[in-house]
Amino acid sequence: HVRQLYALVSETLRYSPVLEKLLAGAALLQAEKKLPPQLAKVLVYDLLFGKGLKCGGRWKALARRHRARLEAELARLKVQQKVSRNEDLLAPAQAASPGASQVPRYVRVNTLKTCVDDVIDFFKRQGFSYLGKAASVEELRALSGKKFLLDLHLPELLVFPPQTDFHDNLLYTSGHIILQDKASCLPAFLLSPAAGSHVIDACAAPGNKTSHLAAILKNKGQIFAFDVDTKRLATMNTMLMRAGVTSFQLAQQDFLTVDPGDPKYSKVTYILLDPSCSGSGNTRGSRHPTWSHLWVRGAPATAALPTGMVNRVPREEAAPSAERLQALAGFQRKVLSHALSFPALRRLVYSTCSLHQEENEDVVHAVLQEQGLAFRLVNAFPSWPCRGLAAFPGAECCLRASPADTLTHGFFVAVLERCGEGAAAPSSLPAAAKEDPQHGEGTEPGAAPKKRKRKKQRVK
C-alpha cells in the first residue's frame, strides 16, 4: 500500500492550508491535546476529502468523534469563500504560499494541426469558461474550477487551474495540444527560427521543444535532433508524428560527437541547447510528473560526472553536492562551446531547469569569455519579470523563472547571437524574441494572436 500512502500524504500536503483553517475553526487540537498536528491533518483530510478513514484504532475513533464539527466548519468555509467544490478552496489558500501545487496547467496549442481560436471553441463546448487574455500573473494564480485564460506572455499558450487533467482529452491524444510547462516553452519561443531554417535540437528527448520548433518553422526547413537511447528515440518519433511534425531527422548520437564541419550541418543557423542539469528547478509536490535531467551511459546516477546524452527520468533528486555541480557545470561549458563552433550558427538558446548560478550565469559567462567577440548575449524578452543573477555585467539579459515569481517550474534561459560578419542583422531577432516572439506579423508585444483562416483540421 505504499502508493496509497504516498497519495494520501501528497494530497494532505496539497490541502494543508485548508486543513489548518479547519483544525483552527473546529478547535480540534485544543480538544485533543495529545493529537500531533501533522497526524491531525492526515486524519481530517482522509475523513473529509479522502476515502473516509480506512485506518482503525483510537485515531479513527477520535477523528469520528469530531466529524460533525469538522463538517460544519468545512461548510462554513465554503460559504465564506463562495465555492461549492472542495478543490475550489485551494486557489486562494495556495496564493499565499507559492509552490509546486499551484503551478497552473499550461496547454500549448499545436499550430501544425489547429489554431488557438479553434481550441478555445472546443474547450468552451466541453463546458470550460474562457476568460480572455490574462493581464497579470495574479489572474493566472486565481484560476479555479473550469475557467481558463490565454497566457499574457506566450500567444499560443492556454492556462488552466493546476489540477486540470487532459491526458484523456481528445485534443491531447490527437496531438492538437501539447501539455508543456510555460518555462519549457521559452527556449524555442526565444530561438524563433525563421521558416525554412536548419535547426539543431542538441538534447532533444522527450521532444516537446522539438515539436515547438517545428510549429515555429511551420514544418518548413529541417530539424536535427539528437539522443543516444534507441527507446527514447522511438518514443520521441511517435510523439512527433502524432504532433504532425515532418521536417525532422532523429539521430542516435551524442551531440558532442557531432562534427560541426560535416556538410550535412553547413546550413545550421539555429541551435537549441537544453543540456543535462541538476534539475533543481523542477517543482516538488506536483501531482503531474516533472522530469529531471540525468546524464547516463554506463555510469550510476550518483556519479560526480555522468556522461552520455540526455536521459530524462522522473525522480526526486537531493540537493546536488558542490562536486556534482562543478562536474555538471564543466560538462555544460563543454557542450555550449561545442555548439557555438558550428560555422553557420547565428543564434543559440541555452537553457536549464536548474536554479544554481554555477549551471547558468557562470556557464554562459565562462563560454562568452572563451569566445571573445564572436558571440554576444541578447537582451531578449525585456518585459519578462525575472532576470539573470548579477554574476557578471550583462547577466540581466538572461531570463529566470520560478513558481513564486512566474508561476512556472524553475528555469534559466540565455540567448546568444553571433557578432560581426555573418551575424544576424539586428532586426532578425524579431519582436518574437524581444517581446512576443510568435512570429510577429505586425502584432503588438504580448498581443493575442490574430484570427486566422481555419484551414487546419478541426476537432469536433
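Keep in mind it's a predicted model, so treat the numbers as computed, not measured.

Visitor: In this structure, what is going on with the pairing of strand β3 (residues 147-150)? I would like to understand it.
Guide: If a strand is regular, its side chains alternate between the two faces of the sheet. The pairing of strand β2 (residues 129-133) with β3 spans 3 bridges and is parallel. Looking across to β3, one finds that S129 is bridged to K147. With 2 bridges connecting them, β3 and strand β4 (residues 157-160) associate as antiparallel partners. Directly across from L150, in β4, lies its bridge partner L158. In sequence, β3 turns back onto β4 through a hairpin of 6 residues.

Visitor: It is not clear to me how the packing of helix α12 (residues 208-217) against helix α13 (residues 230-242) should be interpreted in this structure. Could you clarify?
Guide: Axis angle and axis distance: for two packed helices, these are the angle between their axes and the distance between the axes, and together they describe the pair. Relative to each other, α12 and α13 sit at 35 degrees, their axes nearing to 10 Å. Viewed along their axes, α12 and α13 form a crossing whose handedness is right-handed. Between α12 and α13, the contacting residues are N208, T210 and S211 on the first element and M236, M239 and L240 on the second. Within the contact of α12 with α13, the residues separate by chemical class into 3 nonpolar, 3 polar and no charged.

Visitor: Looking at this structure, I do not really get a nonpolar patch on the surface. What am I missing?
Guide: On the surface, L5, V9 and L13 cluster together into a nonpolar patch covering about 300 Å² of accessible area. Tracing the sequence through the fold places L5 in helix α1 (residues 2-14). The exposure class assigned to L5 is exposed, which follows from its relative accessible area of 53%.

Visitor: How should the sheet that holds β2 be read in this particular structure?
Guide: Overall, mixed pairing links the 5 strands, which are arranged β2-β3-β4-β1-β5 in an open sheet. The open sheet has two edge strands, β2 and β5 (177-179), and neither has a second partner. Neighbour-to-neighbour, the strand axes of this sheet turn through a mean angle of 30 degrees, independent of strand direction.

Visitor: Honestly, the UniProt feature "binding site: S-adenosyl-L-methionine" (unreviewed entry) in the chain in this entry has me stumped. Any pointers?
Guide: As recorded in UniProt, the feature "binding site: S-adenosyl-L-methionine" (unreviewed entry) lies at C203, A204, A205, P206, G207, N208, K209, D227, D254 and D274. One can find D254 in the loop between β8 (248-252) and β9 (268-273). Looking at D254, its side chain comes within polar contact range of the main-chain nitrogen of L256, at 3.0 Å. Within the fold, D274 resides in the loop between β9 and β10 (292-295). Given the relative accessible area of 1%, D274 is considered buried. Only 3.2 Å separates the side chain of D274 from the side chain of K209, close enough to count as a polar contact.

Visitor: What's the story with helix α14 (residues 322-339) in this structure? I'm lost.
Guide: For α14, with 18 residues, the first-to-last C-alpha span of 26 Å sits near the 26 Å given by 1.5 Å per residue. Inspection of α14 places R324, L325, A327, L328, A329, F331, Q332, V335, L336, S337, H338 and A339 among the buried residues, and these make up the whole buried set.

Visitor: Explain helix α11 (residues 182-191) here, please?
Guide: Since one α-helical turn is 3.6 residues long, residues separated by three or four positions face the same way. Most of α11 is tucked away, with 10 of its 10 residues classed as buried. The distance from a side-chain oxygen at the start of α11 to the backbone nitrogen of A183 is 3.1 Å, and the residue carrying that oxygen is D181. Positive phi appears at S192, one or two residues downstream of α11, with a value of about 45 degrees.

Visitor: Before we go on, may I ask you to explain the pattern of salt bridges in this structure?
Guide: Two side chains carrying opposite charge are able to pair once their charged atoms lie near each other. In total, this model carries 14 salt bridges according to the counting rule given. As a salt-bridge pair, K41 and E20 come within 2.9 Å of each other at their nearest N and O atoms. With K41 in helix α4 (residues 37-48) and E20 in helix α2 (residues 16-26), this pair connects stretches of sequence that are 21 residues apart. In this structure K41 comes out as buried when scored by relative accessible area, which is 9%. The class of E20 is partly exposed, set by a relative accessible area of 45%. When the shortest N-O distance is used, the salt bridge between R232 and D227 registers 2.8 Å.

Visitor: In this structure, what is going on with the environment of Q163? I would like to understand it.
Guide: Locating Q163 in the fold gives a position in the loop between β4 and α10 (170-173). Among the residues examined, Q163 registers a relative accessible area of 17% and is labelled buried. Through-space distance from the C-alpha of Q163 to that of G145 is 9.3 Å; in sequence the pair is 18 residues apart.

Visitor: Just to check I follow, could you spell out unusual backbone geometry for this structure?
Guide: Leave glycine aside and you will find that most residues have negative phi; peptide bonds, for their part, are mostly trans. Cis geometry is found at the peptide bond from A205 to P206, where omega equals 5 degrees. Tracing the sequence through the fold places P206 in the loop between β6 (198-201) and α12. With a phi angle near 60 degrees, K218 is a residue other than glycine that sits in the positive phi range. Phi at N219 is positive, roughly 60 degrees, even though this residue is not glycine.

Visitor: Any chance you could explain the nonpolar core here in plain terms?
Guide: A general feature of soluble globular proteins is that nonpolar side chains tend to end up buried together. Ranked by internal contacts, the top residues of the largest apolar core, which has 51 residues, are L140, L186, L190 and F381. Ranked by the residues each element gives to this core, the list is headed by α11, at 7 residues. Built from parts of two domains, this core gets at least three residues from each of domain 2 (105-179) and domain 3 (187-283 + 322-418). If we ignore the near neighbours within four places in the chain, the residues touching L186 are L154, F381, W384 and V413. Grouped together as the second largest cluster of nonpolar side chains are 35 residues, I271, V364, F375 and A414 included.

Parameters at a glance
Residues numbered from 1 in each chain as written. Predicted model: local features only at pLDDT ≥ 70, side-chain atom pairs only at ≥ 80, totals over all residues. Heavy atoms only, no water. Pairing = 2+ DSSP bridges. Helix = DSSP H or I, 4+ residues; strand = E, 2+ residues; numbered from the N terminus. Axes fitted to C-alpha atoms, helices over the stretch in contact; angles between N-to-C directions. Left-handed = near helix turned anticlockwise from the far one by under 90°. Contact = heavy atoms within 4.5 Å. Nonpolar A, V, L, I, M, F, W, Y, C, P; charged D, E, K, R; others polar. Patch = residues over 30% accessible without salt bridge, like charges linked within 9 Å, V, L, I, M, F, W, Y side chains within 5 Å. Areas by Shrake-Rupley, 256 points an atom, 1.4 Å probe, with all protein chains shown as cover. Salt bridge = Lys/Arg side-chain N within 4 Å of Asp/Glu carboxyl O. Buried < 20%, exposed > 50% of the residue type's maximum accessible area, 1.4 Å probe, protein only. UniProt positions renumbered as here; feature names shortened; annotations may be inferred. Polar contact = N/O pair within 3.5 Å; in protein donor to acceptor, adjacent residues only side chain to side chain. Expected span 1.5 Å × (residues − 1). Core = buried A, V, L, I, M, F, W, Y, C linked by side-chain atoms within 4.5 Å. Domains from an automatic or database assignment.

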